[in-house]
Amino acid sequence: MKKFEPKRVLIEHDALNYELGQELENKFKATKIPLNYIESHNRVRAEKEMNPIELFNWNKETLVIGVKKTLNFKSCQPSADYRLVTSTSCPAKCEYCYLAKNLGSAAYLRIYVNLKEILKAVKKHIRKGRGEIITFEASSSSDPVAVEHLTGSLAKIIDYFAKQDRGRLRVVTKFSNVDNLLDIEHNNHTRFRFSLNSSYVIKNFEHLTANLDERITAASKIQQAGYPLGFILAPLMIYDGWQEDYLDLLTQLRTRLVNPAANNLTFELIMHRFSTRSKNLIEARFPNTRLKLDKDSYHHKGFGKYVYPPQQAKELKEYLIKEINELFPQAEVEYFT
């Protein structure tokens, strides 16, 4: 797939005090991409008034380069102990994206250049574990693989975690540009998970991401490079023909993985969900969306979230776990939610 290239770049002045900030400045100065300087990566505004569609597209085409000030990491359950944030937002336009909802009008892509300071904070959080293994999720606020061709940060983070006795890294991606990560001595301390879905869901709702073929190819490369590997099937959707489509996905995966019988494969299963706020944002940004957002057809889970009714959720869970167990008998289904 084509790698992300922004239509405009904004650099926080303080970012130029860091090596990566200077590298990115020089990189974009050598292109025809407009480059401007700002005071804060938290205060970015479009040049003019825009409707929700225009603003969303403007955000997704804008790259902001800044310094991460907050180095006290938040919890990231059930995925990991802590969030490890080196970038925010993503160049993809997945219609259901919870990040796009949480970020609202600030859905522009941010890259943080103070990587050494962030990794020092990682060390402090590992020490808080008092000898326990502490896990960090690198994809809670972004897809770091999507910008790896610009930053090289993920490769450095993987190398860092390879040397941590009590630290483990977890990465999720919908992108496929993993080639620069394949020769790293990762020491099995980084688990890659590829976010997969049926061809129907990818085609209709996961715009500007790698297609299913590209993701499975990248997953096979990652497994061949010795990384612990997993898959997030999300958001799981019920529609006409969903059983056949998800079985086709799992069968393709079984056929094309280097080692589908590996005993360290994991699956995380997350069904489609939305809130009133996300429904409003989705419908404003994607007025012709085919996502089903009729609250009366869903179960109110609490905290404003709507999910499939219990019987449908049970059918979805039992079907997928059954097929995963048959095709990947050594794999572990970590959770369904």
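Here the structure is shown first, and the text comes after it.
Structure report, in brief.

So, about the overall build of the protein chain. Each helix and strand in the protein chain was counted, giving eleven helices and 18 strands. For 337 residues, the compact-globule formula gives about 20 Å, and the C-alpha radius of gyration of the protein chain, at 20 Å, lands near that figure. Seen through its C-alpha atoms, the protein chain measures out along the principal axes to roughly 55 × 50 × 35 Å. Scored against the burial criterion, the 337 residues of the protein chain give a buried share of 56%. Expressed as a percentage of contacts within the protein chain between residues at least 6 apart in sequence, the contacts between residues at least 24 apart total 78%. Counting 50 positive and 40 negative side-chain charges, the protein chain places the averaged centre of each group 5 Å from the other.

This part covers the sheet that holds strand β3 (residues 62–66). Across the sheet, which stays open at both edges, the five strands sit in the order β2-β1-β3-β8-β6 with mixed pairing between neighbours. At either end of the open sheet lies a strand with only one pairing partner, and these are β2 (35–38) and β6 (87–88). The sheet contact formed by strand β1 (residues 8–12) and β3 spans four bridges and is parallel. Opposite Leu10, over in β3, you have Val64 as the bridge partner. Contacts from helix α1 (residues 19–29) reach β1, β2, β3 and β8 (109–112) within the one sheet, and its direction differs from that of β2 by about 145°.

Two elements in contact, helix α9 (residues 242–256) and helix α11 (residues 310–327), have axes whose closest approach is 10 Å; the angle formed by their N-to-C orientations is 25°. Between α9 and α11, the interaxial angle falls into the category roughly parallel. Along this stretch, α9 crosses α11, giving a crossing that reads as right-handed. Where α9 approaches α11, its residues Trp242, Gln243, Glu244, Tyr246, Leu247, Leu250, Thr251 and Arg254 are matched on the opposing element by Glu315, Leu316, Tyr319, Leu320, Glu323, Ile324 and Leu327. Per-class residue counts for the contact of α9 with α11 are nine nonpolar, two polar and four charged.

With that settled, the discussion passes to helix α10 (residues 276–285). Within the sequence span of α10, burial applies to Ser278, Lys279, Ile282 and Arg285. Along the axis of α10, the buried residues cluster in a sector spanning 145°; they form a single face. On its buried face, α10 is in contact with α2 (52–60), α3 (98–103) and β15 (274–275).

Here we take up the side chain of Ser140. Mapped onto the elements, Ser140 comes out in the loop between β9 (134–137) and α5 (148–151). A relative accessible area of 7% places Ser140 in the buried class. With near-sequence residues (within four places) excluded, Ser140 lies in contact with Cys76, Arg83, Val85, Tyr98 and Leu99.

Further remarks concern unusual backbone geometry. Negative phi characterises most residues that are not glycine, and trans characterises most peptide bonds. The omega torsion of the bond from Gln77 to Pro78 falls at 5°, within 30 degrees of zero and hence cis. In this structure, Pro78 sits in the loop between β4 (75–76) and β5 (80–83). Put simply, Ala234 and Pro235 share a cis peptide bond, and its omega is -10°. Unlike most non-glycine residues, Asn188 shows phi in positive territory, near 60°. Here Asn188 shows up in the loop between β10 (167–173) and β11 (190–196).

About the thresholds
- Residues numbered from 1 in each chain as written.
- Predicted model: local features only at pLDDT ≥ 70, side-chain atom pairs only at ≥ 80, totals over all residues.
- Heavy atoms only, no water.
- Helix = DSSP H or I, 4+ residues; strand = E, 2+ residues; numbered from the N terminus.
- Rg over C-alpha atoms; globule rule 2.2 N^0.38 Å.
- Buried < 20%, exposed > 50% of the residue type's maximum accessible area, 1.4 Å probe, protein only.
- Contact = heavy atoms within 4.5 Å.
- Lys, Arg positive; Asp, Glu negative; His and termini not counted.
- Charge placed at Lys NZ, Arg CZ, Asp CG, Glu CD.
- Pairing = 2+ DSSP bridges.
- Axes fitted to C-alpha atoms, helices over the stretch in contact; angles between N-to-C directions.
- Parallel < 35°, antiparallel > 145°, perpendicular 65-115°, else oblique.
- Left-handed = near helix turned anticlockwise from the far one by under 90°.
- Nonpolar A, V, L, I, M, F, W, Y, C, P; charged D, E, K, R; others polar.
- Arc of directions from axis to C-beta.

These results come straight from atomic positions and should not be treated as a statement about function.
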